[in-house]
Amino acid sequence: VQLQAFGGGLVQTEDSLKLSCALSGRPISGYTLAWFRQGPAEEREFVATIRRATGITSYADSVKGRFTISRDNAKNTVYLQMNSMKPEDTAVYYCAATPSYVGGNYYTRYQYEYWGQGTQVTISS
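Residues numbered from 1 in each chain as written. Predicted model: local features only at pLDDT ≥ 70, side-chain atom pairs only at ≥ 80, totals over all residues. Heavy atoms only, no water.

This next bit is on the environment of Tyr114. Looking at the secondary structure, you find Tyr114 in strand E10 (residues 114–115). Note on Tyr114: relative accessible area 26%, which makes it partly exposed. It is 7.2 Å that separates the C-alpha atoms of Tyr114 and Val1, two residues lying 113 residues apart in sequence. Not counting the four nearest positions on each side in its chain, Tyr114 is found in contact with Val1, Leu3, Tyr31, Cys95, Ala96, Ala97 and Pro99. (Helix = DSSP H or I, 4+ residues; strand = E, 2+ residues; numbered from the N terminus. Buried < 20%, exposed > 50% of the residue type's maximum accessible area, 1.4 Å probe, protein only. Contact = heavy atoms within 4.5 Å.)

Okay, here's the thing in structure tokens:
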């Protein structure tokens, strides 16, 4: 299984950006998918997840109402639509996947076995 994230860039405050992450090697429908991010000198933090079987989504409080995670099984791709972006959203964004049940620990990075290479998102004020 390989993940490849793309779509990052430099945008201004309140702009929108959509990240994509393509999974190869297995059908995406068999995986719980997530986005994490890591700012300069910060720990990698949870952003959003979409569950394998139910499609239920969960978000970090800092992005709730602004970001939307979705997946397209036909394209084997997971997306992160980011709206009303803020300078504090600046980070390297990583997609992650696991075929395992994550339950209530969906926000924990160690639940995810497969990771993309990261894509830089920078928001200027």
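In this section: the pattern of salt bridges. Oppositely charged side chains can pair when the atoms bearing their charge come close. According to the stated counting rule, one finds four salt bridges in the structure shown. Salt-bridge contacts for Lys64 lead to Asp61; the nearest nitrogen and oxygen are separated by 3.1 Å. Taking the relative accessible area as the measure of exposure, Asp61 reaches 66% and is therefore exposed. With a shortest N-O distance of 2.8 Å, Arg66 and Asp89 are connected by a salt bridge. Of this pair, Arg66 sits in the loop between strand E6 (57–59) and strand E7 (67–72) while Asp89 sits in the loop between strand E8 (77–82) and strand E9 (91–98), and the two are 23 residues apart along the sequence. Summarising the burial analysis for this pair, Arg66 and Asp89 share the class buried. (Salt bridge = Lys/Arg side-chain N within 4 Å of Asp/Glu carboxyl O.)

These figures come from the coordinates and say nothing about function on their own.
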